[in-house]
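Notes for the structure review
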Amino acid sequence: MVTTYHLEMNDPSQLNRAQPPADPCKVVRAEILTPELSRFFYTAVGGNWYWIMRLPWNYVDWQALLSQPGFETWYGVYRGTPIGYFELLPHTDGSVEIDSFGLLPHFIGRGFGGQLLTAAIERAWAKGANRVTVHTCSLDGPHALRNYQARGFRLVREEHDERTLPDTPLGPWPGAFPVAPGEEA
């Protein structure tokens, strides 16, 4: 059974900004959207957490996602290394969805998640959102739901469904796990 959590924030004043780490990352916008970059982040971030829905996508599918009006990709850089990302997708109802969000495994647990999520929410409001939405599920990282709620999102709906999944997460490539997902290398 997989539980999907739908969350929203209805006013910028609801944002609880995270205290950035002592040595914070820099958050930059990908000004040239490419399927290669988007797929890199999707597999590198989501490989440990059963992010499999987009794996069968071809180049045209990825380009269709990136070509949606107002779509943006941002990523964190720490000491010259990408650490994670978020993608924002505006909707016709005036809401902005955090469509994808997460950290590369090496950077989990260092305070970057709160910093990057704060930047994502601030950017969504700056885009003129009347509401910011995000969803996560029981297959995502163990801190995902807690991070969203700590930043001020409130749970508005849960869905439960059965899914057929591989026995273990696929990882960003075969044999990519020198340690179990979520453990420090």
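Computed from a predicted structure; not experimentally measured. (Residues numbered from 1 in each chain as written. Predicted model: local features only at pLDDT ≥ 70, side-chain atom pairs only at ≥ 80, totals over all residues. Heavy atoms only, no water.)

Some remarks on the overall build of the chain
A tally of regular secondary structure across the chain gives four helices and seven strands. From first element to last, N terminus to C terminus, the chain shows the α and β order β-β-α-α-β-β-β-α-β-α-β. Against the compact-globule benchmark of 16 Å for 185 residues, the chain has a radius of gyration of 16 Å, which places it among compact chains. Along the longest, intermediate and shortest principal axes, the C-alpha atoms of the chain span 45 × 40 × 35 Å. Out of the 185 residues belonging to the chain, those deemed buried represent 45%. (Helix = DSSP H or I, 4+ residues; strand = E, 2+ residues; numbered from the N terminus. Rg over C-alpha atoms; globule rule 2.2 N^0.38 Å. Buried < 20%, exposed > 50% of the residue type's maximum accessible area, 1.4 Å probe, protein only.)

Brief notes about the sheet that holds strand E3 (residues 72-78)
Spatially, seven strands are ordered E2-E3-E4-E5-E6-E1-E7 in an open sheet, and the strand pairing comes out mixed. The sheet terminates laterally at strand E2 (26-29) and strand E7 (154-161), the two strands that pair on one side only. Each strand of the sheet is rotated relative to its neighbour by a mean of 25 degrees, with strand direction disregarded. Note: strand E1 (residues 2-9) against E7, seven bridges, orientation antiparallel. Looking at E7, one finds that leucine 7 is bridged to leucine 155. Contacts between helix H1 (residues 35-46) and the sheet are confined to E3, strand E4 (81-90) and strand E5 (95-103), with E4 contributing the most and set at about 110 degrees to the helix. (Pairing = 2+ DSSP bridges. Axes fitted to C-alpha atoms, helices over the stretch in contact; angles between N-to-C directions. Contact = heavy atoms within 4.5 Å.)

Section: helix H2 (residues 59-66)
The periodicity of an α-helix, 3.6 residues per turn, causes residues three or four places apart in sequence to face the same way. Every buried residue of H2 is listed here: Trp62, Leu65 and Leu66. The arc that holds the buried residues of H2, viewed along the axis, is 95 degrees, so those residues lie on one side. Between a side-chain oxygen at the N-terminus of H2 and the backbone nitrogen of valine 60 the separation is 3.0 Å; the capping residue is asparagine 58. (Arc of directions from axis to C-beta. Polar contact = N/O pair within 3.5 Å; in protein donor to acceptor, adjacent residues only side chain to side chain.)

Considering the environment of isoleucine 83
Tracing the sequence through the fold places isoleucine 83 in strand E4. Taking the C-alpha atoms as reference points, isoleucine 83 and valine 45, 38 residues apart in sequence, are found 9.0 Å from one another. Contact partners of isoleucine 83, with chain neighbours within four places excluded, come to Cys25, Gly76, Val77, Tyr78, Leu103, Leu104, Phe107 and Phe112.

So, the packing of aromatic side chains
Aromatic ring pairs: the centre-centre distance and the angle between the two ring planes describe each pair. Summed over all chains, the structure comprises 12 aromatic pairs. A ring pair is formed by phenylalanine 41 and tyrosine 75, whose centres lie 5.7 Å apart and whose planes are at 35 degrees; its orientation type is tilted. Remark: tyrosine 75 occurs in strand E3 and phenylalanine 41 occurs in helix H1; sequence separation between them is 34 residues. On the numbers, 6.4 Å between centres and 75 degrees between planes, the contact of tyrosine 78 with phenylalanine 107 is edge-to-face. Of this pair, tyrosine 78 sits in strand E3 while phenylalanine 107 sits in the loop between E5 and helix H3 (112-126), placing them 29 residues apart in sequence. Tyrosine 78 gets classed as buried once you look at its relative accessible area, which sits at 14%. (Phe/Tyr/Trp six-rings, centres within 6.5 Å; stacked < 30°, edge-to-face > 60°.)

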